Amino acid sequence: MALCNKKLYANSYDDLKNILRKLEKDKRIFVFFHGSKDSQGYSWCPYCVEVEKPVEETVEFLLPSNGIFIECSVGDRASWKDSNCSFRKDPQLRLTNIPTLVEWGTSKRLTENQLLDPDMIKILVEED
């Protein structure tokens, strides 16, 4: 299945919250959190660069018909490392690592090296 209209981009915490508010409640929402990217499309986070392609390819192939994939930047390194970072403080999110892939509204989450394993991503996306 092609992602086409099912992939959205959030460039900040507020951007993500606005997108989530607008989505229909019957959607399964998968959010991939990563460090911001430079002008050449590379994140400052080496793990993020390493897992981006496997995550996108696996999710694109397996995304359910009611699924939405959101790619979300947590900002630059200084913003991410700040203990008051909104992504870290949000009680529903509580991000502690990037890269992270979550199914929004559930406890399902994969981080860092787990995202190099397509089978783990498959389990997260396929289970409902």
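Residues numbered from 1 in each chain as written. Predicted model: local features only at pLDDT ≥ 70, side-chain atom pairs only at ≥ 80, totals over all residues. Heavy atoms only, no water.

In the annotation of an unreviewed UniProt entry, the protein is listed under the name Thioredoxin domain-containing protein 17 and assigned to Rotaria socialis. Among the UniProt annotations of the protein, the heading Sequence similarities (unreviewed entry) holds the following wording: "Belongs to the thioredoxin family." (UniProt positions renumbered as here; feature names shortened; annotations may be inferred.)

## A few points about the overall build of the protein
Scanning the protein for helices and strands turns up 5 helices and 5 strands. Listing the helices and strands of the protein from first to last along the sequence gives β-α-β-α-β-α-α-β-β-α. Against the 2.2 N^0.38 benchmark of 14 Å for 128 residues, the protein shows a C-alpha radius of gyration of 14 Å, consistent with a compact globule. Principal-axis analysis of the C-alpha atoms places the extent of the protein at approximately 35 × 30 × 25 Å. Looking at the protein residue by residue over its 128 residues, the buried ones come to 45%. With an accessible surface of roughly 7200 Å², the protein has 47% of that area assigned to carbon and sulfur atoms. Counting 18 positive and 21 negative side-chain charges, the protein places the centres of these two groups 5 Å from one another. (Helix = DSSP H or I, 4+ residues; strand = E, 2+ residues; numbered from the N terminus. Rg over C-alpha atoms; globule rule 2.2 N^0.38 Å. Buried < 20%, exposed > 50% of the residue type's maximum accessible area, 1.4 Å probe, protein only. Areas by Shrake-Rupley, 256 points an atom, 1.4 Å probe, with all protein chains shown as cover. Lys, Arg positive; Asp, Glu negative; His and termini not counted. Charge placed at Lys NZ, Arg CZ, Asp CG, Glu CD.)

## Overview of the pattern of salt bridges
Scanning the model with the defined rule gives 8 salt bridges in all. Residue E56 pairs with K7 through a salt bridge whose shortest N-O separation is 3.0 Å. With a gap of 49 residues between them, E56 in helix 2 (residues 46–62) and K7 in strand 1 (residues 7–10) connect regions that are remote in the sequence. K53 is paired through a salt bridge with E57; the nearest N and O atoms lie 3.9 Å apart. Here K53 and its partner E57 are both found in helix 2, 4 residues apart, which amounts to about one turn of the helix. (Salt bridge = Lys/Arg side-chain N within 4 Å of Asp/Glu carboxyl O.)

## Some points on helix 5 (residues 118–126)
Among the residues of helix 5, those classed as buried are I121, L124 and V125. End-on view of helix 5: buried residues confined to an arc of 95°, all on one side of the axis. Buried residues along helix 5 sit against strand 2 (28–34), helix 2, strand 4 (100–103) and strand 5 (109–111). You can read the cap of helix 5 off the contacts: a side-chain oxygen lies 2.9 Å from the backbone nitrogen of D119, and it is on D117. (Arc of directions from axis to C-beta. Contact = heavy atoms within 4.5 Å. Polar contact = N/O pair within 3.5 Å; in protein donor to acceptor, adjacent residues only side chain to side chain.)

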